[in-house]
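# Working through the structure, step by step
Now for the letters of each chain:
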Amino acid sequence: MQKNVGGYDRIARFVIGPALLLVGGASLGGLVVLAAGTVGLVLGVIILLVGAILTVTAITQKCPLNNLLGLNTYETAVETPDDETTATVR
């Protein structure tokens, strides 16, 4: 799979992913209560998993969901051939 995560998409994943990891971990550790009983436990696990997925896709710059949807925010540098010269304006 080619890289398909870059730019603002990657920055957002780097910010939101670890934040969700902290909230999910705090929820499972009992520091934050998202909901009472089993629902809170399930929400904590879901938030933790989403945070982990966002963080990993930001690091690897590869997202299977972006690939499935045909999205590509990764910009490759435009390479110009060495023998091509730039035109000067007179």
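To be clear, the structure that these remarks concern was listed above.
What follows concerns helix α1 (residues 7-28). An ideal rise of 1.5 Å per residue puts 32 Å on 22 residues; α1 measures up with 32 Å between its terminal C-alpha atoms. Among all positions in α1, only Arg13, Gly17, Gly24, Ala26 and Ser27 are buried. Where α1 is buried, its residues meet α2 (38-60) and α3 (64-69). Gly30 lies just past α1 and shows a positive phi near 85 degrees.

Turning to the packing of α1 against α2, a few remarks are in order. At a closest axis distance of 7 Å, the pairing of α1 and α2 adopts a crossing angle of 150 degrees. Viewed along their axes, α1 and α2 adopt a mutual orientation that is roughly antiparallel. Considering how the two elements wind past one another, α1 and α2 form a crossing that is left-handed. Of the residues belonging to the contact of α1 with α2, the class tally is 16 nonpolar, nine polar and two charged.

A few words on the pattern of salt bridges. With the rule as written, the count across this model stands at one salt bridge. For Asp9, the salt bridge goes to Arg13, with nearest N and O atoms at 2.9 Å. Residue Asp9 and its partner Arg13 are located together in helix α1, separated by four residues, close to a single helical turn.

Taken together, the side chains of Val23, Leu31, Val32, Leu34, Val39 and Leu43 define a hydrophobic patch exposed on the protein surface, amounting to about 490 Å² of accessible area. In this fold, Val23 is placed in helix α1. Judged by its relative accessible area of 35%, Val23 is partly exposed.

To continue, consider the side chain of Thr55. Residue position: Thr55 is located in helix α2. With residues near it in sequence (within four places) discarded, Thr55 still touches Arg13, Gly17, Pro18 and Leu21.

Time to look at the environment of Val32. Mapped onto the fold, Val32 is located in the loop between α1 and α2. By relative accessible area, Val32 is classed as partly exposed at 33%. Taking the C-alpha atoms as reference points, Val32 and Gly44, twelve residues apart in sequence, are found 9.3 Å from one another. Among residues more than four places away in sequence, those in contact with Val32 are Ala26 and Ser27.

Parameters and conventions
Throughout this description, residue numbers start from 1 for each chain and increase along the sequence as written. Whole-chain, interface and lining totals are the exception, using all residues; otherwise, since this is a predicted model, local features are given only for residues with pLDDT of at least 70 and side-chain atom pairs are given and counted only at 80 or more. In computing side-chain values, all of the structure's heavy atoms are included and hydrogens and water are not. Counting from the N terminus, the helices are the DSSP runs of H or I reaching at least four residues and the strands are the DSSP runs of E reaching at least two. In a helix, the anticipated span is given by 1.5 Å times the number of residues less one. Burial classification: accessible surface area is computed with a 1.4 Å probe over protein chains only, and a residue below 20% of its type maximum counts as buried, one above 50% as exposed, and the rest as partly exposed. Here a residue-residue contact requires only that any non-hydrogen atoms of the pair lie within 4.5 Å. Note on geometry: axes are C-alpha line fits, over the in-contact stretch for helices, and angles between N-to-C directions span 0 to 180 degrees. By the definition adopted for this analysis, an angle is roughly parallel if under 35 degrees, roughly antiparallel if over 145, roughly perpendicular if from 65 to 115, and oblique otherwise. Crossings are classed by handedness, with left-handed meaning an anticlockwise turn of the near helix from the far one by less than a right angle and right-handed meaning a clockwise turn. Gly is put with the polar residues, along with every residue not named as nonpolar or charged; the nonpolar set is Ala, Val, Leu, Ile, Met, Phe, Trp, Tyr, Cys and Pro, and the charged set is Asp, Glu, Lys and Arg. Salt bridge, as used here: a side-chain nitrogen of Lys or Arg that lies within 4 Å of a carboxyl oxygen of Asp or Glu. By definition, no residue in a patch forms a salt bridge, and every one has over 30% relative accessible area; like charges are joined within 9 Å, nonpolar side chains (Val, Leu, Ile, Met, Phe, Trp, Tyr) within 5 Å. Computed by Shrake-Rupley with a 1.4 Å probe, the accessible areas treat only the displayed protein chains as cover when residues are assessed.

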